[in-house]
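Overview (structure and organization)
Now for the letters of each chain:
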Amino acid sequence: MTAYLFTNVKIFEGTKPKLEAGEVLVEGNRITAVARGRQTIGRERAGEVIDGGGATLMPGLINPHCHFTYSNAVSLADITALPVEENLLVAIRNARTYLDYGFTAVIGMASAKPRLELVVRNAVNKGEFPGPRIRACTPEYTVSGGVGDDSRLDRFVPSIGLVCNGAEEFRRSVRQLIREGVDLVKFNNAGDSFTFGRVGGECNPMTDDEVRAICETTLNLGKRLAAHAHADGGVRQCIKYGVEFINHATFSSAATIELLAKHAARHYVIPAIAARYNTTYEAQAWGITEEIATQIGNKRELEVGSANMAKMHRAGIKVLPFGDYGFAWIPIGQDCRDLEHLVNLFGFEPWEALRAATAYGGEAWAGNSGELLGRIKPGYWADLLLVDGDPLRDLSLLRDRERITHVMKDGEFYRRSTLVV
């Protein structure tokens, strides 16, 4: 592998509020040296010197709530109806799109079909297709009548999720999916306004026995846990049973936020707020006006969720960006708009939003594995982006593929601009 020396760059390290002028050396798949200010790194160590022209060098983005098997469809039912062969092609294309937009690692957060995420993960790991580092997830587990179960008594409709009822059904299915090779197990212990009033976000359709069975089985087999948990009771179950990734957490009470803050080292909260924002204000072309979004409770989820995420952020809870991109009005490739939502809706500083997307995302991806990613620091994986401009001044730069001029994953360039930065 070529050793690369980045010079004349401004470095976003992953945890610091300002960019710093400096140089970075990559040898193999690791960052091996970082110089700042007037310090330099010996040119003899580099096979190639890359003059960044004053651009920003930053860690690759990490998406902790990624639906790369979703097809930018209008509904969950439409994604489910896509045959598995076509769905695999969609997933492979989406994996490449994520890498193209600077996402060098993703955590799958509900596969559209039982083995899709792990099949794409394995193919990317073998070098058969380009894509980010992938943690592969189960489909989301649900119960009869829960999010994803669209059947009626007179009509069976295939579910985006795996429908189980009772602790024993969940135990058996979780064991099967872990046998197949998933990295994490996700379940829906809350409703969602996207069910259009059938089971709202404040409801929890799962029993405590069901949740306990899922969590005990998963943890006993050494895998990780995620939940779709809008409801306050669902969030409390996540705290009680050790669910690492708490998605949404919209209706958390003040007491639950206080409890979550006491256990902040064990959990990541991923609100996926674009699903609420875009559905409220930007889905008219697909038949969802702001009036309809209000009627189904989506606008309230946006308002209450935004207020609670601001409280969680102030309490020191790690609130992460991204999530639920993969629908027609929340298309894959525009995920970095979430960084602006963190600033505009939750009160983050821009550098805090980038920290959540890099350093904190790296911690979330690695878990207890000991792998190092998400920062520009010696010993960390060489997953790097070169950005034309200063994203701390304008986070929207990261939504523009052309402004991300270089994408490096594992010490090798996936793509690099031939233009002068």
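Structure: above.
Residues numbered from 1 in each chain as written. Predicted model: local features only at pLDDT ≥ 70, side-chain atom pairs only at ≥ 80, totals over all residues. Heavy atoms only, no water.

**Observations concerning unusual backbone geometry**
The residue His-248 is not glycine, and still its phi comes out positive at about 85°. Residue His-248 is classed as buried on the basis of its relative accessible area of 2%. (Buried < 20%, exposed > 50% of the residue type's maximum accessible area, 1.4 Å probe, protein only.)

**Here we look at the state of the cysteines**
What the rule picks out here adds up to zero disulfides. Cysteine Cys-164 is unpaired, with the sulfur of Cys-215 as its nearest cysteine sulfur at 14 Å. Free cysteine Cys-215: the closest other cysteine sulfur is in Cys-238, separated by 7.1 Å. Taking the relative accessible area as the measure of exposure, Cys-215 reaches 1% and is therefore buried. (Disulfide = S-S within 2.5 Å.)

**Considerations on the pairing of strand S16 (residues 404-409)**
Across the six residues that make up S16, a large majority, six, are buried. In the sheet, strand S15 (residues 384-387) pairs with S16 via four bridges, with the strands oriented antiparallel. For Leu-385, the partnering residue across the bridge sits in S16 and is Val-407. Here S16 pairs with strand S17 (residues 412-416) via four bridges, running antiparallel. Bridging from a neighbouring strand, Lys-409 pairs with Glu-412 of S17. Where S16 folds back onto S17 in an antiparallel hairpin, the turn is made up of two residues, including Asp-410, whose phi is positive at roughly 60°. (Helix = DSSP H or I, 4+ residues; strand = E, 2+ residues; numbered from the N terminus. Pairing = 2+ DSSP bridges.)

**Comments concerning helix H11 (residues 337-346)**
Within the sequence span of H11, burial applies to Asp-338, Leu-339, Glu-340, His-341, Leu-342 and Phe-346. Among the structural elements, helix H8 (274-281), helix H10 (298-314) and helix H12 (350-357) are those in contact with the buried residues of H11. Positive backbone phi, at 85°, marks Gly-347, one or two positions downstream of H11. (Contact = heavy atoms within 4.5 Å.)

**A look at the packing of aromatic side chains**
Overall, the coordinates contain twelve aromatic pairs when judged by the stated rule. When the ring of Tyr-4 is compared with that of Phe-413, the centres are 5.0 Å apart and the planes differ by 75°; the resulting orientation is edge-to-face. Note that Tyr-4 is positioned in strand S1 (residues 4-11) and Phe-413 in strand S17, a separation of 409 residues in sequence. Their ring planes at 70° and their centres at 6.2 Å tell us that Phe-6 and Phe-413 sit as a pair that is edge-to-face. Taken together, the residues span a long stretch of sequence, with Phe-6 in strand S1 and Phe-413 in strand S17 at a distance of 407 residues. Taken as a pair, Phe-6 and Phe-413 share a single burial class, namely buried. Three or more aromatic residues link up through ring pairs in this structure, and these residues are Tyr-70, Trp-286, Phe-327 and Trp-329. In this structure, Arg-133 packs its charged tip against the face of Trp-381, placed 3.7 Å from the ring centre. Sitting over the ring of Tyr-360, Lys-318 keeps its end group 4.6 Å from the ring centre. (Phe/Tyr/Trp six-rings, centres within 6.5 Å; stacked < 30°, edge-to-face > 60°. Lys NZ or Arg CZ within 6 Å of the ring centre and 35° of its normal.)

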